[in-house]
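Chain residues, written in single-letter form:
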Amino acid sequence: MKKVLTIAGTDCSGGAGMSADFKTITAHKMYAEGVVTAVTAQNTMGVRSVCELDARLVGQQLDCVFEDIFPDAVKIGMVYDEAIINITADRLSYYKAQNIVIDPVMISTSGRRLLRDSAARALTEKLFPLALLITPNIPEAETLSGIKISSEADLLDCARKIHSFYKGNILIKGGHAINGCDDFLYKSTGETCWFRSSRIDNPNTHGTGCTLSSAIACGLADSKSLEESIKSSKKYLSGALSSMLDLGKGNGPLDHCFCI
């Protein structure tokens, strides 16, 4: 059985973060492992509070995972502060972890900061170089590049700017776009590729970014190419959205287990 590790924060309402990752990995019939970086109090209406774990405990969790059940792929979500980022980068480098996908979680849908301002530089300088792929959404890509995105040409400029300090593959997710939800891949070679898809009329999108990046990690763990992994992850996400699960009073979760 393939093993996928998620390094992320918790979501007590079960829709995003490690909860979404575990459900996604399980739906792909793989073994899910989880290193907790922060505990959040949140639900479909927003994030109320965040408590980060001590970086030493995060490091010990990583040691326990890699010394025993070595993962075939790693998905990184919320890492919150510089100390956690530093220990995570150190341990992943030490164990020579492969197939790392980083979802640069910075701000929640409700507007809550999920990455301290002081940690942004550490994220790009310490963790990004270890990743095969990063998956920023449009607001996150704008933050990373300093470029406002309002057209496909802007996406290319944005990706090139990010590529100036991160030489890996960049998937800019189009879910925040006004029309459609096309994703744009800027490869480490400078080649580009579009993944086109129609928008699904479902207001419940809590955890879509976590879900997509975890599904990509599953594809990589299964020895699929990067492009194949992205295609299969988008198909899975579409299925989870199309199931039209409707829970909670706000931006509800997906039906991660629609295929089971």
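Our subject is the structure listed above.
This structure is a prediction, so every number in the text was calculated from the model and none was measured. (Residues numbered from 1 in each chain as written. Predicted model: local features only at pLDDT ≥ 70, side-chain atom pairs only at ≥ 80, totals over all residues. Heavy atoms only, no water.)

Chemist: Whenever I open this one, the overall build of the protein confuses me. Can you help?
Modeler: Each helix and strand counted, the protein has eight helices and nine strands in total. Over its C-alpha trace the protein gives a radius of gyration of 17 Å, about what one expects of a compact globule, namely 18 Å for 260 residues. Here the C-alpha coordinates of the protein stretch approximately 45 × 40 × 35 Å along the principal axes. Evaluated residue by residue, the protein yields a buried proportion of 54% over its 260 residues. If you sum the accessible surface of the protein, you get close to 11600 Å²; carbon and sulfur atoms cover 52% of it. Distance from the positive charge centre (27 side chains) to the negative charge centre (29 side chains) of the protein: 1 Å. (Helix = DSSP H or I, 4+ residues; strand = E, 2+ residues; numbered from the N terminus. Rg over C-alpha atoms; globule rule 2.2 N^0.38 Å. Buried < 20%, exposed > 50% of the residue type's maximum accessible area, 1.4 Å probe, protein only. Areas by Shrake-Rupley, 256 points an atom, 1.4 Å probe, with all protein chains shown as cover. Lys, Arg positive; Asp, Glu negative; His and termini not counted. Charge placed at Lys NZ, Arg CZ, Asp CG, Glu CD.)

Chemist: Is there a simple way to think about the pairing of strand E1 (residues 3–9) in this case?
Modeler: Along a regular strand, successive side chains alternate from one face of the sheet to the other. Counting buried positions along E1 gives six out of seven residues, so the element sits mostly inside the fold. The pairing of E1 with strand E2 (residues 31–43) spans seven bridges and is parallel. Residue Gly-9 lies in a different strand from E2, and its bridge partner there is Ala-38. Viewed along the sheet, the connection from E1 through helix H1 (residues 17–27) into E2 turns out right-handed. Pairing analysis gives four bridges linking E1 to strand E4 (residues 73–76), with the strands arranged parallel. For Leu-5, the partnering residue across the bridge sits in E4 and is Val-74. (Pairing = 2+ DSSP bridges. Right-handed = clockwise from strand over helix to strand, strands pointing away.)

Chemist: What is the right way to read the nonpolar core from this model?
Modeler: Note that soluble globular proteins tend to have their nonpolar side chains buried in a common cluster. By size, the foremost hydrophobic cluster in this structure holds 44 residues, and its most contacted members are Phe-66, Ile-76 and Leu-127. The element that contributes the greatest number of residues to this core is helix H2 (residues 55–68), accounting for five residues. In this view, Phe-66 contacts Leu-5, Pro-71, Val-74, Leu-92, Tyr-95 and Ala-97; residues no more than four positions away in its chain are not counted. Listed in part, the 22 residues of the second largest apolar core include Leu-133, Ile-216, Leu-226 and Leu-237. (Core = buried A, V, L, I, M, F, W, Y, C linked by side-chain atoms within 4.5 Å. Contact = heavy atoms within 4.5 Å.)

Chemist: I would appreciate a short explanation of helix H8 (residues 226–242) in the present structure.
Modeler: Structurally, the α-helix is built with 3.6 residues per turn, so residues lying three or four positions apart point the same way. With 17 residues, H8 ought to run about 24 Å at 1.5 Å a step, and its terminal C-alpha atoms sit 24 Å apart, in line with that. Of all the positions in H8, only Leu-226, Ser-229, Ile-230, Ser-233, Lys-234, Tyr-236, Leu-237, Gly-239, Ala-240 and Leu-241 are classed as buried. Within two residues after H8, Met-244 carries a phi angle of roughly 60°, on the positive side. (Expected span 1.5 Å × (residues − 1).)

Chemist: Can you walk me through the sheet that holds E2 in this structure?
Modeler: Pairing between sheet strands relies on hydrogen bonds along the backbone, with the strands arranged either parallel or antiparallel. Spatially, nine strands are ordered E3-E2-E1-E4-E5-E6-E7-E8-E9 in an open sheet, and the strand pairing comes out mixed. Strands with a single pairing partner mark the edges of an open sheet, and in this sheet they are strand E3 (46–52) and strand E9 (192–195). Here three bridges tie strand E7 (residues 169–172) to strand E8 (residues 183–186), and the two strands are oriented antiparallel to one another. Counterpart to Ile-170 in the pairing with E8 is Tyr-186.

Chemist: What am I meant to see in unusual backbone geometry here?
Modeler: Trans peptide bonds make up most of the peptide bonds, and negative phi angles are found at most residues other than glycine. Phi angles above zero are rare outside glycine, and Lys-29 is one such case at about 60°. Within the secondary structure, Lys-29 sits in the loop between H1 and E2. Phi at Met-244 is positive, roughly 60°, even though this residue is not glycine. Locating Met-244 in the fold gives a position in the segment after H8.

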